[in-house]
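Results of the structural survey
Single-letter residue listing:
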Amino acid sequence: MTRARFLRLLAGWALFFLALPLRAFGETRLRRASGMAPRFTVPENGTPPITPVRDFYVEDISGVPDTLKHGAADWTLNIGGQVSHPLALSLSDLQQRKQVTRVITLSCIGNPVGGHALGTARWRGVLLSSLLEEAGAAGTAEWLTVHGADGYHETLPISEALQPAALLATHMNGKILTPDHGWPVRLLIPGLYGIKQVKWITRIEAADRWRAGYWHEKGWSREGRVQVFSRIDFPKTDEWLQRGEREIRGIAFAGDRGIDRVEVSWDGGRTWELAELEEALSPWSWVFWKKRVTFNRSGHYNLMVRAADQYSRVQGGNRRDPFPAGTTGYHRVGFRVY
Ligand SMILES: Nc1nc2c(c(=O)[nH]1)N[C@H]1C(S)=C(S)[C@@H](COP(=O)(O)O)O[C@H]1N2
Ligand SMILES: [Mo]
């Protein structure tokens, strides 16, 4: 080896080792910025219309707050700020108000393509609009900041909070909320991602100023509007199917905008075929799609799905990271027929 060649090699290795910590630094920075990690499991036997509480994904910044781990006899919900009649409500005050039930799908903004960090439940509670009216918040205030007992807070436009299905929920699928899903009270506002759906609520403040929430400070979306999402549940990746007639299926979701259509493609997105839609459980829930397919030929198949909402906004095809505004991109499944 010549001296020049040796020096060049040496320089190359030196650069490589110098670059290693830099690269690692870049990656942790990215991970810290986007660091949302919803916990979910993939159901074995398909997706039921209503997600059982034990299978419902969980996401929060530091778990159930200590103050709520052993009951909450003295829990109070304060509604204040720019209101004419500040309210301090106990849990029984809240339960004496008119109760409504809404089927609403909740999705984490960190849910990946094909992911299960979304679920649908029957939420029962009090309409947020009725409490805001009672407190006289509809005047000058434009924003609502909602605080959780863990220090988490989020701000949203009052107009969102006044929509007819926005709920302060105390019950999920007919039972009192479990601690990890926000007992005693959590927010549910159709159309918005989970970042806005504050759990363990202690205080709601009407204000004329917007305030950055926990995830927005880390670079996530300010509005948190749900993107059009669709997923293939059957077949699964690498599954083996017997030849013959089969029903492929999955779900689609677009927040409060409703699903207009779902299409599947077998050729990587060159051509699309309509799938059949089941009736939505509610205007705020996911929709199930299915399609009867006859597989005459054995071999490998690639299936892709996309959806459009009722405003004809077609799901984006570019596979974008969930950070910062929710994922786009088509779910693909490769499987075999024998
Ligand atoms: N108080 C509080 N509320 C919170 C959070 C949190 O960390 N603290 N996380 C939010 C996020 S990011 C999501 S996706 C949903 C998840 O609700 P779940 O755990 O009931 O599924 O709660 C939201 N509400
Ligand atoms: Mo989330």
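Note: the structure precedes this text.
Thresholds, definitions, all that
- Residues numbered from 1 in each chain as written.
- Chains lettered and ligands numbered in written order.
- Predicted model: local features only at pLDDT ≥ 70, side-chain atom pairs only at ≥ 80, totals over all residues.
- Heavy atoms only, no water.
- Salt bridge = Lys/Arg side-chain N within 4 Å of Asp/Glu carboxyl O.
- Helix = DSSP H or I, 4+ residues; strand = E, 2+ residues; numbered from the N terminus.
- Buried < 20%, exposed > 50% of the residue type's maximum accessible area, 1.4 Å probe, protein only.
- Pairing = 2+ DSSP bridges.
- Near = heavy atom within 4 Å.
- Polar contact = N/O pair within 3.5 Å; in protein donor to acceptor, adjacent residues only side chain to side chain.
- Areas by Shrake-Rupley, 256 points an atom, 1.4 Å probe, with all protein chains shown as cover.

1. Regarding the pattern of salt bridges
By the definition in use, this model includes 18 salt bridges. One salt bridge connects E154 with K196, and the closest N-O pair in it is separated by 2.8 Å. One end of the pair, E154, is in strand β6 (residues 153-157); the other, K196, is in the loop between β9 (186-188) and β10 (201-207), with 42 residues separating them in the sequence. Each member of the pair, E154 as well as K196, is classed as buried. A network of salt bridges, in which partner residues are shared, links D260, R261, E263 and R306.

2. Considerations on the sheet that holds strand β12 (residues 240-241)
Taking strand neighbours across the sheet as the criterion, the 5 strands line up as β12-β19-β18-β14-β15 in an open arrangement whose pairing is mixed. Either end of the sheet is taken by a strand with one partner, and the two such strands are β12 and β15 (273-274). Taken together, the 2 bridges between strand β14 (residues 259-265) and β15 define a ladder with antiparallel strand orientation. Within β15, the position partnered with V264 by the bridge is E273.

3. Things to note about the site of ligand 1
In the vicinity of ligand 1 there are 20 residues, among which Y57, D150, H181, R186 and K199 approach most closely. Within the backbone of E59, a nitrogen or oxygen atom sits 3.0 Å from an oxygen atom of ligand 1. Taking K199, its side chain carries an N or O atom lying 2.6 Å from an oxygen atom of ligand 1. Bound to the protein, ligand 1 loses 100% of the 530 Å² it would expose on its own.

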